[in-house]
Each structure stands twice: as C-alpha cells, then as structure tokens.
Amino acid sequence: MSWGPRTFKGQLTLLFLALTLIPSLVLTLAATRQLWTALDRWENPSVQHALTGSLDLARALVARTKNDLRQRGQFLAADPALGPGRTEPAVRARLADAANVDFVQFYDLDSGELRFEATRDPLLPAPGTLGPLTVELDFLDDPARDILAHVTRRGDPAGPEELQVTGLYLDQGFYARLDNLSRAITLTHQIAALKRVNQRAVLILLLLIVLGLALGSTWTARWLAGRVSRPVMQLGAGMERVTHGDDAVRVEPAGSEEMERLIGTFNQMSAELSRSRRELAQAERLTAWREVAQRVAHEIKNALTPVTFSLHRLRKALADAPPTERDKLQASLDSVSEEVEGLK
C-alpha cells in the first residue's frame, strides 16, 4: 500500500519540503524552549520576597525613626533652653548633648515665617525654609533634600506660640531608593501578567515565522521539484509519442548534465529509429515490387507456353510450304521465337 504523492514532482516537492521544514521546526522548538525558560526566570519568588522584605524593613525603619523623632521633638518643645532667649551656640550644644537630631527650626504660628534655625554640626548647613507648614501637619518629608522632620506646636508663656520643626538628614538618595524599591516590587507583581503577554506575543511571532517558512519552503520546494522533474516529464511525453509512431519527436535538453546526456541519447535513439523505419519501409516496398514482378513473369510465362508449342508446330509445317515462301516464313518464325525467348 503506497502513501504520499504518486507523481515524481509531488514526491520531490514533499522531500524538499521535509528537508526545509523539519530543521526549521526543530530550531523553532529549541528557541521557544529557551525563550520560555528566560520568561520563567523573570518570575522569581525569591526575588519578590527579598524586595518585599527590603521595602517592609525600610518602611519599618522610617516608622521607627518618625516615632523617635516625635519623642525628641516633644522633649525639645518642653526644654526652656529653646525658649524666646535662645542662642545658636546654646541650641547647638543642646542638640548635641541631649536631642541627637540634626537641626531644629522655629516658625511663626500665624505667618509661617522662619524665625530661627540651628544645626547640631556647625559644618552642616541649615536647610532653610521648609513648607508649607500647618498645625495639623505631624511629619514633613522633603525627598528633594532627603529630610525627615517632625512638626510640633510650642507654647511659651514668655512669648508667642511657634511651630517647632525637629529634623534629620537622611542618607543621600534615600527617598529615591525607596521609590525605586517600591516600583521594583510593583513591577515584580506585574511580571506574571507581562510573562503571559510576552509568551502570547512570542508564540504568535513564532507561529508567523513558521507559517512564513512553510509558505516559502512550499514555493521553493515546488520550484526545485519542477526544475528537476520537468525534463523527466518532457522525456516521458516524448517516449510516449514515439510509442505511438511519432518518430520525428525531439526533446529540448534541460536540467542537470546527466539529464541532458539522457535526453541527447533519447534524441539520437529517436533519429536512429526514424531512419530504421524509413529503410524498413523501403525494403518492404522493394519486396512487394519483387513479388509483383515474379507474379507477372509467371503469368507471362504461362501465356507464352502455348505460343512456343504453336511455333514448334509451325516449324514442322514449314517443310510443306512452297520454296518461294519458306525463307520468309522461316525469318518470321525466328523473329517470333527470339521475342518469346526474351520474354521468358
């Protein structure tokens, strides 16, 4: 039981298509597997846990720092050394000895104008005006200068009420790194969805590539199969015409060198066959004419037999003829005898 195409061109097309598509499919499957592995590595639970833990730790540290800063701010708000008669050296010494904060500021409660500021380290510059400040504000975050400050209301019987700002200088880029960490965690949570989207995109792209390869391979296979099988089909058609008596058929040489040689041999064979047929036809005609001549000669010979007998009887009767007529009759009989012998 046969399977597949029966024609030579169909078999060549199937062969070329298989030789083209099978390696392409193997490479596509291997590339797909590698891409799938790379996409799977995106979604790493340990990385997600590490990033989430780092963010939680940073937030806990910020919360603890705010709590400590609140306590220190409240402690400084109750310190009389920071009252209306405060001086910068005294405040700086107080910050270095007891408060352990980087700077302290005092703002007018009504206008929000900065009245006084001092830093613990004389080499550390004061931050300047922060704001906007309100009574309801508890903490102030300044990501641009990496400042974390606590805002508290300070009441002093000897002077007007003020807003006291007690602050710390955080590590440079702390808020930026915290935002980057938060965005990284958000991105890791989106990786699963991105992975599915990328897998679909990769799958669609690979399907389109395979489809393009299949179409291109089919066209190439049919072209190559036609180039190889066309001379064979032409040679087969020429042989079929020869079998039907058309010995004048010639096939144009095409294809590979071996195929051109085979077609040349066929053309030579066809020419030899045509010459042999012409010679055979001529021989047959000569044979037919020979048979006709033999038959006619036989018929003539049969017709001349009575004439020969008659001449023989006339020669016997010539002795009884008159002498004056005998020579003439003898000459006539000799002439007829010669013609009869010539026809035999």
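Since the model is a prediction, treat every value here as computed from it, not as a measurement. (Residues numbered from 1 in each chain as written. Predicted model: local features only at pLDDT ≥ 70, side-chain atom pairs only at ≥ 80, totals over all residues. Heavy atoms only, no water.)

Novice: Residue-level account of the overall build of the chain, with values.
Specialist: Along the chain, the regular secondary structure elements total six helices and five strands. Helices and strands in the chain line up, N terminus first, as α-α-α-β-β-β-β-β-α-α-α. Contacts spanning at least 24 positions in sequence make up 59% of the contacts within the chain whose residues lie at least 6 apart. (Helix = DSSP H or I, 4+ residues; strand = E, 2+ residues; numbered from the N terminus. Contact = heavy atoms within 4.5 Å.)

Novice: Kindly report on the side chain of Arg 86, identifying the contributing residues and their values.
Specialist: Following the sequence through the fold, Arg 86 ends up in the loop between α2 (45–77) and α3 (88–99). The class for Arg 86 is buried, based on a relative accessible area of 13%. Within the structure, Arg 86 has its side chain in polar contact with the backbone oxygen of Gly 83 (distance 2.9 Å). Residues contacting Arg 86, with those up to four places away along its chain left out, are Ala 81, Val 91, Phe 106, Phe 116 and Glu 162. (Buried < 20%, exposed > 50% of the residue type's maximum accessible area, 1.4 Å probe, protein only. Polar contact = N/O pair within 3.5 Å; in protein donor to acceptor, adjacent residues only side chain to side chain.)

Novice: Outline a nonpolar patch on the surface, supporting the account with residue identities and numerical values.
Specialist: On the surface, Ile 204, Leu 208, Leu 211 and Leu 215 cluster together into a nonpolar patch covering about 420 Å² of accessible area. Tracing the backbone shows Ile 204 in helix α4 (residues 174–243). Given the relative accessible area of 52%, Ile 204 is considered exposed. (Patch = residues over 30% accessible without salt bridge, like charges linked within 9 Å, V, L, I, M, F, W, Y side chains within 5 Å. Areas by Shrake-Rupley, 256 points an atom, 1.4 Å probe, with all protein chains shown as cover. Salt bridge = Lys/Arg side-chain N within 4 Å of Asp/Glu carboxyl O.)

Novice: Can you explain the pattern of salt bridges? Please cite residues and give values.
Specialist: Taken as a whole, this structure holds ten salt bridges when the rule is applied. The shortest N-O distance in the salt bridge between Arg 115 and Glu 162 comes to 3.4 Å. Separated by 47 residues along the polypeptide, Arg 115 in strand β2 (residues 114–119) and Glu 162 in strand β5 (residues 162–169) bring together distant segments of the chain. Overall, the relative accessible area of 40% leaves Arg 115 in the partly exposed class. Residue Glu 162 is classed as buried on the basis of its relative accessible area, which comes to 7%. One network of salt bridges, in which partners are shared, links Arg 86, Asp 108, Arg 115 and Glu 162.

Novice: Tell me about the packing of aromatic side chains, and name the residues and values.
Specialist: Taken as a whole, this structure holds three aromatic pairs when the rule is applied. Taking 6.2 Å as the distance between ring centres and 45 degrees as the angle between the ring planes, the aromatic pair formed by Phe 106 and Phe 116 counts as tilted. Of this pair, Phe 106 sits in strand β1 (residues 103–108) while Phe 116 sits in strand β2, and the two are ten residues apart along the sequence. Here Phe 116 falls in the buried class, since its relative accessible area comes to 16%. Both rings, one in Phe 174 and one in Tyr 175, keep their centres 5.7 Å apart while their planes meet at 80 degrees; by these two values the pair is edge-to-face. Over the aromatic face of Phe 139 sits the side chain of Lys 66, whose NZ or CZ is 5.5 Å from the ring centroid. (Phe/Tyr/Trp six-rings, centres within 6.5 Å; stacked < 30°, edge-to-face > 60°. Lys NZ or Arg CZ within 6 Å of the ring centre and 35° of its normal.)

Novice: For the sheet that holds β1, give the residues involved together with the corresponding values.
Specialist: Pairing within the open sheet is antiparallel, and its five strands lie in the order β2-β1-β5-β4-β3. Both outer strands of the open sheet, β2 and β3 (139–142), are each paired with one neighbouring strand and no more. Put simply, the sheet's adjacent strands are angled 20 degrees from each other on average, direction ignored. Two elements, β1 and β2, share five bridges in a ladder whose sense is antiparallel. (Pairing = 2+ DSSP bridges. Axes fitted to C-alpha atoms, helices over the stretch in contact; angles between N-to-C directions.)

Novice: Quick one: what's the story with the side chain of Thr 152, residue by residue and with numbers?
Specialist: Relative to the helices and strands, Thr 152 resides in strand β4 (residues 147–154). Excluding residues that lie within four positions of it along the chain, Thr 152 makes contacts with Gly 73, Ala 77, Glu 162, Leu 163 and Gln 164.

Novice: Lay out the nonpolar core with the relevant residues and their values.
Specialist: A general tendency of soluble globular proteins is for nonpolar side chains to be buried together. Ranked by size, the top nonpolar core spans 21 residues in total, and within it Leu 69, Leu 82, Val 91, Leu 95, Val 101 and Val 104 carry the most contacts. Listed by contribution, the elements that provide at least two residues to this core are α2, α3, β1, β2 and α4. In contact with Leu 82, other than residues within four places in its own chain, are Leu 76, Val 91, Arg 94, Val 104, Phe 106 and Arg 154. (Core = buried A, V, L, I, M, F, W, Y, C linked by side-chain atoms within 4.5 Å.)

Novice: Before we move on, could you go through α2 and cite the residues and values that matter?
Specialist: With 33 residues, α2 should reach 48 Å at 1.5 Å per residue; the first-to-last C-alpha distance of 47 Å fits that figure. Residues of α2 that are buried: Gln 48, Leu 55, Ala 58, Val 62, Leu 69, Gly 73, Leu 76 and Ala 77. (Expected span 1.5 Å × (residues − 1).)

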